[in-house]
Amino acid sequence: VSTMDAKTSSAGEEEASGMSNETLGEAKRRQVIRVAYVIAALDLTFLFMQLGLMPYLAKSLGVDSVGFGYLQTTFGVLQLVGGYIFGRFADQFGARAALILSCASGSVFFLLLSLSTNIPLLFLSRLPGVFMHGIPGAQKVITDVTTPSQRAGALGKLGFCFGVGIIAGSAVGGVLSTKFGVYVPTYLGLVGSLINTLIAVIWIPSQTKPKSDHHMTEHSDLFSIREILRLMKFPGVMEVFIVKVFAGFPIGLFMIMFSIISMDFFGLEAVESGYLMSYFGVLQMVVQGLVVGKLASRCSEMTLLRLSVFVFAGVGLGMALMRTVWHYCIIAAPLVFAFSMLATITDSILTKAVPPSDTGAMLGICASVQPLTRTVGPTIGGLLYKQFGVSSFGYLQLMVNLGLFVYLLKSKIPLEEMKNQ
């Protein structure tokens, strides 16, 4: 370990890109990245397993639709608050410690869920969600062990894990809950999360050193508005973050309302909705595994950011005009591409725009975007759907992204890679 520290401290460039080849070795770096992918895929599988069973478990305990909305909002708020805290924890104690915390929190989550025989316990089971951030944890590991030029491609492949999670989690959760009871998937989630924790303990090395005593004293609070504002002041960060939030917000509202839209607008049964989710998972795997990484290695990040926003605008037009589920299946391909590309490129840009000692906090802020949408989305999305119909989501998507595309064409956002000071 002392040799590792000596080599790491001997070169600022090595420190800026996480672990150098000499420190970790190329073969070891690839192994660590593969382990991070495995942990992320398992974590997402368990997450989608519980997402599928939650409506049935809540209904069996006597939770009505309003109560279920409160339950979802509670989880969204906890994830929203916890995202940045988790990122700051990763910066101060290392990516390994943060990933272990996330996996251990998942174990507690499934333990409480398996014991939820009444409504108060069901709400209590949401509490560990504040530290359940498997994807940001895996992103932090990958950010630490990749060079800036490798980062976008490596982060992009995490979307492949997302596709695996959707397909495996939905299928396994549905089969187990139908054949063996609604609590059986929670037992599997508990065992799986414990295994994930062991994998993180054994296979993820301590790549990221805790901050120096001076830095720890100066920025020791795990949650600080001042720290968030400090990160937003780095060149290009605020502009790119605004694009990240608003470009995907309208489609985020649509996805939140999708369970209702699939029944009322498309007329789908539960099984057909499951097939549609699996189709999305396959698209996600194909796009992230075969498309995003190759484009990231051949095109500039600003070009890809503009491309994702432009495609999002086209998706909005398609959504405004769609009338059947088959139309939606056609639109889904460019939708998944734009969503995946936007997430990957903005995460890559933002982590390179801040010092390496703040990449965890930046990833935490990025991870808070979706929980924010899930928190405010049901109210806004419900209002849009009730008052203006499904086409309103498409028109909003089109207008917002056309405005962002014009903004990206005219503005000169400074994209600079920050070195450790």
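Residues numbered from 1 in each chain as written. Predicted model: local features only at pLDDT ≥ 70, side-chain atom pairs only at ≥ 80, totals over all residues. Heavy atoms only, no water.

The protein is annotated in an unreviewed UniProt entry as Organic cation transporter-like protein 2 from Pheucticus melanocephalus. The record in UniProt for the protein states the following under Subcellular location (unreviewed entry): "Apical cell membrane". (UniProt positions renumbered as here; feature names shortened; annotations may be inferred.)

Caption draft 1: Representation of the overall build of the protein within the structure. For the protein, the count of helices and strands is 22 helices and zero strands. For the protein, with 421 residues in total, the buried portion stands at 53%. At a minimum sequence separation of 6, the contacts of the protein that also span at least 24 residues come to 85%. If you sum the accessible surface of the protein, you get close to 18,500 Å²; carbon and sulfur atoms cover 69% of it. (Helix = DSSP H or I, 4+ residues; strand = E, 2+ residues; numbered from the N terminus. Buried < 20%, exposed > 50% of the residue type's maximum accessible area, 1.4 Å probe, protein only. Contact = heavy atoms within 4.5 Å. Areas by Shrake-Rupley, 256 points an atom, 1.4 Å probe, with all protein chains shown as cover.)

Caption draft 2: Expanded view of the pattern of salt bridges. Scanning the entire structure with this criterion turns up nine salt bridges. Here the residues in one salt-bridge network are R88, E227, R230 and D358, joined through shared partners. (Salt bridge = Lys/Arg side-chain N within 4 Å of Asp/Glu carboxyl O.)

Caption draft 3: Broad picture of the packing of aromatic side chains. Counting across every chain of the model gives 14 aromatic pairs. Consider the rings of F46 and F110, whose centres lie 6.5 Å apart with planes at 85°: the pair is edge-to-face. Taken together, the residues span a long stretch of sequence, with F46 in helix 4 (residues 26–60) and F110 in helix 6 (residues 95–114) at a distance of 64 residues. Look at F46 and you get buried, because its relative accessible area is 8%. Taking 5.5 Å as the distance between ring centres and 50° as the angle between the ring planes, the aromatic pair formed by F254 and Y328 counts as tilted. With a gap of 74 residues between them, F254 in helix 15 (residues 249–256) and Y328 in helix 19 (residues 325–353) connect regions that are remote in the sequence. Assigned by exposure class, F254 and Y328 land together as buried. (Phe/Tyr/Trp six-rings, centres within 6.5 Å; stacked < 30°, edge-to-face > 60°.)

Caption draft 4: The arrangement of the packing of helix 9 (residues 148–156) against helix 10 (residues 158–180) in detail. Here helix 9 crosses helix 10 at 5°, and the two axes come no closer than 4 Å. Classified by the interaxial angle, the pair formed by helix 9 and helix 10 is roughly parallel. Side by side, helix 9 and helix 10 meet where A154, L155 and G156 of the first sit next to L158, G159 and F160 of the second. In terms of residue class, the contact of helix 9 with helix 10 is built from four nonpolar, two polar and no charged. (Axes fitted to C-alpha atoms, helices over the stretch in contact; angles between N-to-C directions. Parallel < 35°, antiparallel > 145°, perpendicular 65-115°, else oblique. Nonpolar A, V, L, I, M, F, W, Y, C, P; charged D, E, K, R; others polar.)

Caption draft 5: Region of the structure containing the side chain of R29. Structurally, the position occupied by R29 is in helix 4. R29 sits in the buried class, given a relative accessible area of 3%. Within the structure, R29 has its side chain in polar contact with the side chain of Q150 (distance 3.1 Å). (Polar contact = N/O pair within 3.5 Å; in protein donor to acceptor, adjacent residues only side chain to side chain.)

Caption draft 6: Broad picture of the confidence of the model for the protein. Across the protein, pLDDT averages 84, with 88% of residues at or above 70. Averaged pLDDT values for the elements of the protein fall to 39 in helix 1 (residues 2–9) and rise to 96 in helix 6. Contacts from residues 1–22, a stretch scored under 50 in pLDDT, to residues over four places away or in other chains number 39 contacts. Note on residues 208–219: pLDDT under 50 across the span, and 20 contacts to partners over four residues away in sequence or across chains. (pLDDT = per-residue confidence, 0-100.)

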